Structure formats: structure tokens, C-alpha cells
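Examination of the molecular architecture
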Amino acid sequence: MKIATCKAPVNIAVIKYWGKRDENLILPINDSISATLSLDHMCAKTTIVSSPDLTETRFWLNGELQSTGNKRFQKCLEEIKKRAKPDVECLNWHLNIVSENNFPTAAGLASSAAGYACLVYTLAQIYEVDGNISSVGRMGSGSACRSFFGGWVRWLKGEKNDGSDSLAIQVAPENHWPEMRVLVLVVSDHKKAYSSTSGMKTSVETSELLKYRAENIVPRRVEEMVQAIQNKDFPTFAKLTMQDSNQFHSSCLDTYPPCFYLNDTSRVIIELIHAYNEFREETKVAYTFDAGPNACLYLLEKDVAEVIEMINYVFPSEPIAMSSYFKGKAVPYTTIDEKLMYMLINFRQPEGKLKYIIYTEVGSGPLVLKEAEDHLVAENGEPKI
Ligand code: DP6
């Protein structure tokens, strides 16, 4: 019997991937850039057991048995096996795959990215595959390819029809910009109305804005973003991040029929961040939204305490959720000065508009976990209850 357990991170794009030029191979219409978030607070974890005694391949996600007939799952398995050395003994054995996320699945929180990256990374341990396997993860979920590296990552769209050059590369390592922090504002725990996959397909078919964006805007913006990250130029980084998020959601509105991912709370967050940056006469915080209403804020460590106080004031938690309102890193404390408080009064929301807030930072790529207690399966190879 062979066993491997790994953790893989979430990534949040600052230049968005939206639209495929090849649905089957999952090849994008533009490059994208993301930060990988710390494994300490948000990650997927997978254990894979391979044994000649297993009679079928089974896959559990968050405790529920899944179908292994899923095309994307099959494709990842097939592709990683193609890269294994032919003498790897377990190539024809069945697998028990047990996977867990420690954050809401399919709530627009990049769970499929972490999940597929973790699946493929763990399969690579079982089949002893080395090298850049991000293009295999890409076939599970496009954005997953960026979760194979820590720090700042660029997914090259590639030019070839077979997709062999559509892979992720690291722009800067995780310790490059140590002051960078991330606040994830979880607006909704619920499953989203339209998946990214179907939303972006309709966008490619119907949005002229998306076509223009991919051809004329993103190529330049990606280069500017790489420069901003390399130079640790926060104001430029933040402006590009917000503009790109807004343009992605404009393309969603330009899709016919349109897909809406932002809700009223998301819009309050957008207005609040602009008002705050203006009040401080400096771009201190950037927001970005994926295919869901949750916000991801990028900011520097020195500004975290005030921004957290501000969010806490504008979005008071329900009393019952108070003790678990903040997750992740220890939250620093400060008081808000009177002038800022005065500006914030108009933004104040009723209790409970945010479910919780995760305070985290940029982190490493996937990790192999070696301790027996880390495995998600018991000694008999079945999932632990
Ligand atoms: C809005 O990677 O979930 O998060 O490739 O169809 O699985 P598929 O889509 P997915 O799309 C994510 C889109 C996004 C932007 C991004 O992460 O770049």
C-alpha cells in the first residue's frame, strides 16, 4: 500500500482569469496573476491511498462520496499517470482519495483551485512525478494551476493548441513582500447561483467587452502588475487590482444574459474602501472579488489594525457570532479617530451582513505532510470518521 497526504493553498487573483479559448483543455484567453494565501488559515488537504487490494477508485470530499466519473477528475488522473515513470508499481492499482477544505466549498472562495491543486499534487507523490505539474492541475480547474506555487504567481495563457505551454510560473516568492496582508470578508456561505465555468462560457460567447479586455487590456495590465509586485509599489498594485476586479464584473454584466456575482454588501465594501483611501489621501487598501460576493482585501501590515476596526464598526457581527467573527492571524487592536468615525457613520450596516472575516497573509505552495496523524484515512485505508 502507498499513502500520501498533502496540503494546497488558495490563491486570489489580482488580474483575473475569465474565459477559455479551449473548454476541454481549459486554456484561458488571457494571462492572470494571483497571490497564494497562507496554508495556516485556508487550505485543502488530501490523502490518497493506493493499494492492490482496492477493487475500485473512490473519492470523498468533505466526508461525502463523490462520483469519479467527473470528466475533469478523470483528466487529471490520466494526465498525471502519463507523466509517471512506466516502472512505478502502483500505476494500475485503485485509489481511495479523501479530501477536505477548511473553508466554504463553492462560495467563491477558490475552493476548487485549492482542491484540484491538492489532488494533483498528492497524485504526483503517489506516482513519483516531478517538474511543473501546474498544467495538470489546470485541467481540473483553470485557477488551480496558480496554487502550485507560493508567493506571487502568473498563469501564462500559452500559445500552443495542445496546452503544453499554458502553465503557472512564480513571479516572486512568498517572502518577497513580507508586509502584505489579506482580509477575506465572507459575505455569504451559500453556494453561488452560477458557477464560474458556465458564467465564463456565456461571457466568451456573448461579451464584446470581455474580448476587448483579453486582447487589449490584460496584456499591458499583466506587465504593469508584475512590475508593481517586483517593486513592492502598493498604490500601483492596489489600483490595478481594483480596476481589474471591476472590469471582470463589468464583463459579467456585459454577458448576455448577465451574471451577477456581487451583491449589495459587496457594493458597500467597494464604496467604503474608496472612501477610506480618499480620507487617508493614500491608496491603503485594495479590494477584489471573484465569482461570488465575498471580498478579498489586500493591504499592508501597518494599516491592518485601523482597517479591521473600521470593518468591525461598519459591519457589526451578530452577537452570537462575536467570538468567532475573526479567524486566522491574531487581530491587532486600535481605536478609530473621531474624524474617521464621522466619515464612517453613513456606511454603517445592520448586524450580520458579514458572516466572518479571515485575516491572513501570502504563503507557500503545496506541502507534503509526513506524520501518520496527518492522514485523513485510518489504518484500513478508509476515511477517518
Ligand atoms: C473569478 O478556475 O473556477 O476566480 O477553469 O472553469 O474551473 P474553471 O473556472 P475557475 O475560475 C475562476 C475565476 C475567478 C478568477 C480567477 O481566479 O482568476
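Residues numbered from 1 in each chain as written. Predicted model: local features only at pLDDT ≥ 70, side-chain atom pairs only at ≥ 80, totals over all residues. Heavy atoms only, no water.

1. Observations concerning the overall build of the protein
The criterion, for reference: Where helices and strands are cited, they refer to DSSP runs of H or I of at least four residues and of E of at least two residues respectively, numbered from the N terminus. Using C-alpha atoms as the atom set, the radius of gyration is obtained and then compared with a globule rule of 2.2 Å times the number of residues to the power 0.38. The buried label applies to any residue whose accessible area, calculated with a 1.4 Å probe on protein chains only, is under 20% of its type's maximum; exposed applies above 50%, and partly exposed to all values in between.
On a plain count of helices and strands, the protein comes out with 9 helices and 17 strands. Against the compact-globule benchmark of 21 Å for 385 residues, the protein has a radius of gyration of 21 Å, which places it among compact chains. With the principal axes as the frame, the protein shows a C-alpha extent of 70 × 45 × 40 Å. Looking at the protein residue by residue over its 385 residues, the buried ones come to 58%.

2. What to know about the pattern of salt bridges
The following threshold applies: Salt-bridge detection follows one rule: a side-chain nitrogen of Lys or Arg within 4 Å of a carboxyl oxygen of Asp or Glu.
Counted according to the given criterion, the structure contains 20 salt bridges. As a salt-bridge pair, aspartate 31 and arginine 154 come within 3.0 Å of each other at their nearest N and O atoms. In this pair, aspartate 31 sits in the loop between β4 (27-28) and β5 (32-36) while arginine 154 sits in strand β10 (residues 152-155), placing the two residues 123 residues apart along the sequence. There is no split in this pair, since aspartate 31 and arginine 154 are both buried. Salt-bridge contacts for lysine 329 lead to glutamate 361; the nearest nitrogen and oxygen are separated by 3.3 Å. Of this pair, lysine 329 sits in the loop between β15 (326-328) and α9 (338-344) while glutamate 361 sits in strand β16 (residues 356-361), and the two are 32 residues apart along the sequence. Connected through shared salt-bridge partners, Arg181, Glu301, Lys329 and Glu361 make up one network.

3. Observations concerning the packing of helix α5 (residues 208-230) against helix α6 (residues 234-254)
Helix-helix packing is characterised by the crossing angle of the two axes and by the distance between the axes. This is how the line gets drawn: Angular values range over 0 to 180 degrees, each being the angle between N-to-C directions of two axes fitted as lines to C-alpha atoms, with helices fitted over their stretch in contact. Should an angle fall under 35 degrees it is taken as roughly parallel, and over 145 as roughly antiparallel, whereas 65 to 115 is taken as roughly perpendicular and any remaining angle as oblique. Helix crossings are classified by the rotation of the near helix relative to the far one: an anticlockwise turn of less than a right angle makes the crossing left-handed, while a clockwise turn makes it right-handed. The criterion used for residue contact is that any of the two residues' heavy atoms lie within 4.5 Å. Put simply, Ala, Val, Leu, Ile, Met, Phe, Trp, Tyr, Cys and Pro go in the nonpolar bin, Asp, Glu, Lys and Arg in the charged bin, and everything else, Gly too, in the polar bin.
Where α5 contacts α6, the two axes come as close as 10 Å, and the packing angle between them is 165°. It follows from the interaxial angle that α5 and α6 lie roughly antiparallel. As for how α5 packs across α6, the hand of that crossing is left-handed. Together, Glu208, Leu209, Leu210, Arg213, Ile217, Arg221, Glu224, Met225, Ala228 and Ile229 of α5 and Thr236, Phe237, Leu240, Thr241, Gln243, Asp244, Gln247, Ser250, Ser251 and Asp254 of α6 make up the contact between the two elements. Partitioned by chemical class, the residues of the contact of α5 with α6 number 8 nonpolar, 6 polar and 6 charged.

4. As for the domain arrangement of the protein
Threshold: Each domain's limits were defined by an automated method or a database of domain assignments. Two parts placed together each lose some accessible area under a 1.4 Å probe, and the buried area is that loss summed for both.
Taken domain by domain, the protein comprises domain 1 (2-176 + 369-374) and domain 2 (180-361). On a C-alpha basis, the centres of domain 1 and domain 2 stand 26 Å from each other. Taken together, the contact between domain 1 and domain 2 spans 31 residues of the former and 51 residues of the latter. Where domain 1 abuts domain 2, roughly 3,500 Å² becomes buried across the two surfaces, and 68% of that area is made up of carbon and sulfur atoms. Per-residue buried area on domain 1 facing domain 2 is highest for Lys16, Trp18 and His41; these three make up 24% of the total on that side. At the surface where domain 1 touches domain 2, the tally comes to 2 salt bridges.

5. Remarks on the site of the ligand
Where we set the bar: We define proximity as follows: a residue is near a molecule or strand when any one of its heavy atoms falls within 4 Å of that partner. As used in this structure description, the phrase polar contact means that two N or O atoms lie within 3.5 Å; if the pair is within protein, one of them must be able to donate a hydrogen and the other to accept it, and residues adjacent in sequence are counted only when both atoms belong to side chains. For the accessible areas, the method is Shrake-Rupley and the probe is 1.4 Å, while residue cover comes only from the protein chains on display.
Near the ligand lie 18 residues; those nearest to it are Tyr17, Lys20, Arg72, Ser141 and Ser143. Between the ligand and the protein, one listed contact pairs an oxygen atom with a side-chain N or O atom of lysine 20 at 2.7 Å. Interatomic distance of 2.7 Å between a side-chain N/O atom of serine 141 and an oxygen atom of the ligand. Burial of the ligand by the surrounding chains reaches 94%, relative to a free accessible area of 460 Å². By residue number, the principal contributor to the shell around the ligand is helix α4 (residues 196-206), which donates 3 residues. Mapping the shell around the ligand onto the domain boundaries places at least three of its residues in each of domain 1 (2-176 + 369-374) and domain 2 (180-361).

6. Things to note about the nonpolar core
This is how it is decided: Throughout, nonpolar core names a set of buried Ala, Val, Leu, Ile, Met, Phe, Trp, Tyr and Cys residues whose side chains join them through atoms within 4.5 Å.
Tyr127, Trp152, Leu183, Phe237, Ile269, Leu297 and Tyr298 are the most contacted members of the largest nonpolar core, which totals 103 residues. When residues of this core are assigned to domains, at least three map to each of domain 1 (2-176 + 369-374) and domain 2 (180-361). Residues Tyr17, Trp18, Trp155 and Leu210 belong to the second largest nonpolar core, which totals 14 residues.

7. Looking at the sheet that holds β10
In any sheet, the strands associate via hydrogen bonds between backbone groups, in a parallel or an antiparallel arrangement. Stated formally: DSSP calls a pair of strands paired once it identifies at least 2 bridges connecting them.
Taken together, 4 strands build an open sheet; the order of strands is β2-β5-β10-β11 and the sheet is antiparallel. Taken across any chain shown, the strands that pair with only one partner, and hence form the sheet edges, are β2 (11-15) and β11 (168-172). In this sheet, adjacent strand axes meet at a mean angle of 35° when their direction is disregarded. As paired strands, β10 and β11 are joined by 4 bridges and run antiparallel to one another. Residue pairing across strands places valine 153 opposite glutamine 170, the latter belonging to β11. Seen against the sheet, α6 touches β2 and β10 and runs at an angle of roughly 95° to β2.

8. Observations concerning the state of the cysteines
Cysteine pairs can be covalently joined through their sulfur atoms, and such a bond is termed a disulfide. Applied cut-off: For the purposes of this analysis, a disulfide is any pair of cysteine sulfur atoms at a distance within 2.5 Å.
Tallying each qualifying case throughout the model produces 0 disulfides. As a non-bridged cysteine, cysteine 145 has cysteine 76 as the owner of its nearest cysteine sulfur, 11 Å distant. You can call cysteine 145 buried: its relative accessible area is 0%. The structure places no disulfide on cysteine 259, whose sulfur is separated from the nearest cysteine sulfur, that of cysteine 252, by 4.3 Å.

9. Re the side chain of glutamate 309
Using the following cut-off: Counted as positive: Lys and Arg. Counted as negative: Asp and Glu, with His and the chain ends omitted from the count.
On the secondary structure map, glutamate 309 appears in helix α8 (residues 301-314). Of the side chains bearing the opposite charge, arginine 348 lies closest to the buried glutamate 309, which forms no salt bridge; the N-O distance is 9.9 Å. Sequence-distant contacts of glutamate 309, that is, excluding residues within four places in its chain, are made with Tyr333, Thr334 and Ile336.

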